[in-house]
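Structural features, examined
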Amino acid sequence: MSLSELAREGERRILWADRHMPVLTGIRERWSEEKPLAGIRIGACLHVTTETANLMRTLKAGGAEVALCASNPLSTQDDVAAALNEVYDIPTYAVRGEDNQTYYHHINQVLDTRPAITMDDGADLVNTLHGKRRELLENILGGTEETTTGVIRLRAMEKEEVLQYPIVAVNEALTKHMFDNRYGTGQSALDGILRATNYLIAGSTLVVVGYGWCGKGVASRAKGMGANVIVVEADPLRALEAVMDGYWVTSMVKASTVGQIFVTVTGDKHVIDRQHFERMRDGAIVANSGHFDVELNLDALREMAVEVKEVRENVEEYRLQDGRRIFVLAQGRLVNLAAAEGHPAQVMDMSFANQALSVAWLAGQPRGSLGKQVFPVPEEIDREVARLKLASLQIEIEDLTAEQEKYLTSFDLGT
Ligand code: ADE
């Protein structure tokens with residue numbers, strides 16, 4: 001069968017990403033022999049990108065039967081979906097720009113494969129399983145969750161005692177959030193803003209809303225490019241950290257009057273609301289890089305607008321009654337994946353190595369031996385990913401001497 005042009009382009013880009021994912025490649029090579037996932041059905045709901053394709057290839061090399069759908073309607077790279085289907089024979093249900101109904105139809109197509117392990121980025125698969133597809137719960141051994149927002153949802157389910165199977169919170173591995181959330185989001189959010197607008201960051205006033213790991217990343221990359229960065233934060237410790245990191249920290253209302261570019265990374269709802277749009281300067285650019293498209297109150301903005309039109313790919317102009325224009329990027333969906341390609345492969349290498357090893361860990365646990373809880377990534381996996389990444393970068397680190405080890409674990413060695 002001849003391949004479509006789209007699939008060929010997808011394959012080229014998948015292999016390019018793979019060159020920059022040495023940890024995952026190493027796991028794939030080992031798994032091709034060991035087959036730790038032999039016969040296990042995996043249903044994944046992740047952003048359909050070149051990096052995800054390499055994760056899917058790794059799971060398949062480990063012996064799993066994999067089906068994939070998108071975890072966001074706007075993040076799918078259609079060439080990657082084509083290559084997964086046509087080149088790698090991995091059923092992939094995703095079309096960029098799909099409507100809500102199609103999005104859930106695709107989730108259900110993945111669930112129809114009766115997976116034993118679920119992989120989520122935002123918990124939509126878990127939610128659907130616990131809602132309309134409860135008959136499938138008895139097949140499930142466990143799952144993984146990629147992102148902060150998903151882990152928050154799952155912890156709430158655990159607390160309410162409605163969670164029906166164990167989930168590994170991949171996001172909580174240090175080799176995930178310290179790198180993916182910070183350096184990944186830091187770079188890719190700005191990449192999305194730049195590809196959408198081609199706006200000069202140097203000398204601009206850029207407001208970062210939320211100073212978690214993602215916010216820290218966006219603030220530091222924007223500062224590095226010459227922006228005057230303002231941080232808006234609700235948590236006192238994080239706000240203090242932002243102050244001492246050298247940012248101007250203020251309220252959203254005050255920031256609204258001076259910002260030229262706004263980036264939300266809070267995971268919370270309507271952090272930019274009507275009262276903030278009312279105060280913004282003409283030409284303000286507003287983007288979201290949090291998982292769901294809830295951070296900007298676009299319904300309010302739509303009500304305030306006399307006209308809404310697309311002025312560039314991924315840029316919508318909202319013209320207000322007083323003539324001011326506000327530019328919203330990627331319909332308020334995560335700008336790094338909707339207007340750019342998501343995080344670079346080098347950083348997804350660590351996140352997805354954690355995913356792969358966590359799936360194998362789950363598969364190795366006797367059925368029913370884990371509680372219906374959210375579990376951390378086992379520490380050995382986290383450290384192994386760090387060790388492998390350093391090795392791939394040919395970076396050497398120190399070995400402690402026996403004397404140094406002893407000193408660090410003693411209490412009686414004083415002055
Ligand atoms: N999340 C953020 N960036 C990503 C990428 N490149 N692939 C998959 N998920 C992502």
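Scroll up a little and you will see the structure.
Notes on the structure in this doc start here. (Residues numbered from 1 in each chain as written. Predicted model: local features only at pLDDT ≥ 70, side-chain atom pairs only at ≥ 80, totals over all residues. Heavy atoms only, no water.)

Looking at the ligand, the residues that line it are His 47, Thr 49, Glu 51, Thr 52, Leu 337, Glu 341, Gly 342, His 343, Met 348 and Phe 352. A distance of 2.9 Å separates a nitrogen atom of the ligand from a polar side-chain atom of Glu 51. Within the backbone of His 343, a nitrogen or oxygen atom sits 2.8 Å from a nitrogen atom of the ligand. Calculation on the ligand without its partners gives an accessible area of 260 Å², and the protein chains cover 95% of this total. More than half of the atoms belonging to the ligand lie within 2 Å of the grid points that define the largest pocket. Within the residue set of the shell around the ligand, elements represented by two or more residues are α3 (50–61) and α15 (345–363). (Near = heavy atom within 4 Å. Polar contact = N/O pair within 3.5 Å; in protein donor to acceptor, adjacent residues only side chain to side chain. Areas by Shrake-Rupley, 256 points an atom, 1.4 Å probe, with all protein chains shown as cover. 1 Å grid on protein atoms, 1.4 Å probe; cavity = no way out; pocket = protein on both sides within 12 Å on 5 of 7 lines; lining within 4 Å. Sits in = over half its atoms within 2 Å of the grid points. Helix = DSSP H or I, 4+ residues; strand = E, 2+ residues; numbered from the N terminus.)

The biggest cluster of nonpolar side chains holds 49 residues, and the ones touching the most others in it are Ile 42, Val 48, Leu 55, Met 56, Leu 59 and Leu 84. Excluding residues that lie within four positions of it along the chain, Met 56 makes contacts with Ala 44, Leu 46, Val 66, Leu 68, Leu 84 and Ile 90. Formed by 27 residues, the second largest nonpolar core is a distinct cluster that contains Ile 285, Val 315, Phe 327 and Leu 329. (Core = buried A, V, L, I, M, F, W, Y, C linked by side-chain atoms within 4.5 Å. Buried < 20%, exposed > 50% of the residue type's maximum accessible area, 1.4 Å probe, protein only. Contact = heavy atoms within 4.5 Å.)

So, on to the pairing of strand β7 (residues 205–209). Counting buried residues in β7 gives five out of five residues, a clear majority hidden from the surface. Bridging between β7 and strand β8 (residues 228–232) involves five bridges; their strand directions are parallel. Looking at the pairing, Val 208 lines up with Val 231 of β8. What joins β7 to β8 is helix α9 (residues 213–224), and the crossover it makes is right-handed. In this structure, β7 lies alongside strand β10 (residues 261–264), joined through four bridges in parallel fashion. Considered in β10, the bridge of Leu 206 is made with Ile 261. (Pairing = 2+ DSSP bridges. Right-handed = clockwise from strand over helix to strand, strands pointing away.)

A word on the packing of α15 against helix α16 (residues 379–392). Between two packed helices, what matters for the description is the angle formed by their axes and the separation of those axes. Relative orientation of the contacting elements α15 and α16 amounts to 140°, with a least axis distance of 10 Å. Classified by the interaxial angle, the pair formed by α15 and α16 is oblique. Considering only the axes of α15 and α16, their crossing is right-handed. Taking contact as the criterion, the partners of Gln 346, Asp 349, Met 350, Ala 353, Asn 354, Leu 357, Ser 358 and Trp 361 in α15 are, on α16, Ile 381, Asp 382, Val 385 and Lys 389. (Axes fitted to C-alpha atoms, helices over the stretch in contact; angles between N-to-C directions. Parallel < 35°, antiparallel > 145°, perpendicular 65-115°, else oblique. Left-handed = near helix turned anticlockwise from the far one by under 90°.)

Attention now moves to the sheet that holds strand β13 (residues 315–320). Strand pairs in the sheet, formed through backbone hydrogen bonds, run parallel or antiparallel to each other. Here we have eight strands laid out as an open sheet, ordered β9-β8-β7-β10-β11-β14-β13-β12, and mixed in their pairing. This sheet does not close on itself; its edge strands, each paired only once, are β9 (248–249) and β12 (305–312). Alignment of strand β11 (residues 284–288) against strand β14 (residues 325–329), held across three bridges, turns out to be parallel. Across the sheet, residue Ala 284 finds its bridge partner in β14, namely Ile 326. Running over the sheet, α9 touches β7, β8 and β10 and is turned about 170° from β7.

A sheet is described by the order of its strands in space; here seven strands give the open sequence β3-β2-β1-β4-β5-β6-β15, paired in parallel fashion. What marks the edges here is a single partner per strand, and that holds for β3 (92–93) and β15 (374–376). When strand β2 (residues 65–69) meets β3, the two strands line up parallel, connected through two bridges. Note on β3: the bridge partner recorded for Cys 69 is Tyr 93. In the packing of α3 onto the sheet, the strands contacted are β1 (41–45), β2 and β4 (117–120), and the crossing angle to β2 comes to about 160°.

Turning next to the side chain of Glu 233. Tracing the backbone through its elements, the reader meets Glu 233 in the loop between β8 and α10 (236–244). Despite being buried, Glu 233 has no salt bridge partner; Arg 238 is the closest side chain of opposite charge, sitting 4.4 Å away. Apart from the residues lying within four places of it in its own chain, the contact partners of Glu 233 are Gly 210, Tyr 211, Gly 212, Arg 238 and Ala 239. (Lys, Arg positive; Asp, Glu negative; His and termini not counted. Salt bridge = Lys/Arg side-chain N within 4 Å of Asp/Glu carboxyl O.)

Time to look at helix α5 (residues 100–111). Between its first and last C-alpha atoms α5 spans 17 Å; for 12 residues at 1.5 Å apiece the expected length is 16 Å, and the two agree. Listing the buried residues of α5 in full gives Tyr 103, His 106, Ile 107, Val 110 and Leu 111. Projected down its long axis, α5 shows its buried positions confined to an angular sector of 145°, all on one face. Along its buried surface, α5 packs onto β1, β2, β3 and α6 (124–130). (Expected span 1.5 Å × (residues − 1). Arc of directions from axis to C-beta.)

On to the packing of helix α1 (residues 5–19) against helix α4 (residues 78–86), then. Relative orientation of the contacting elements α1 and α4 amounts to 95°, with a least axis distance of 7 Å. The angle between the axes of α1 and α4 places the two elements in the roughly perpendicular class. Contacts between α1 and α4 involve Leu 6, Ala 7, Glu 9, Gly 10, Glu 11, Arg 13 and Ile 14 from the first element and Asp 78, Asp 79, Val 80, Ala 82, Ala 83 and Glu 86 from the second. Tallied by class, residues from the contact of α1 with α4 come to six nonpolar, one polar and six charged. (Nonpolar A, V, L, I, M, F, W, Y, C, P; charged D, E, K, R; others polar.)

Throughout the structure, instances matching the rule amount to four aromatic pairs. Plain terms: the ring middles of Tyr 103 and Tyr 104 are 5.2 Å apart, the flat faces sit at 85° to each other, and that makes the pair edge-to-face. When its relative accessible area of 31% is taken as the criterion, Tyr 104 is described as partly exposed. Ring geometry for Tyr 211 and Tyr 247: centres 5.9 Å apart, planes at 65°, overall edge-to-face. With Tyr 211 in the loop between β7 and α9 and Tyr 247 in the loop between α10 and β9, this residue pair connects regions lying 36 residues apart in the sequence. Residue Tyr 247 is classed as buried on the basis of its relative accessible area, which comes to 9%. If you follow Lys 216 out to its NZ or CZ, it ends over the ring of Trp 213, 5.5 Å from the centre. (Phe/Tyr/Trp six-rings, centres within 6.5 Å; stacked < 30°, edge-to-face > 60°. Lys NZ or Arg CZ within 6 Å of the ring centre and 35° of its normal.)

Note that all results are geometric; they support no functional claim without further evidence.
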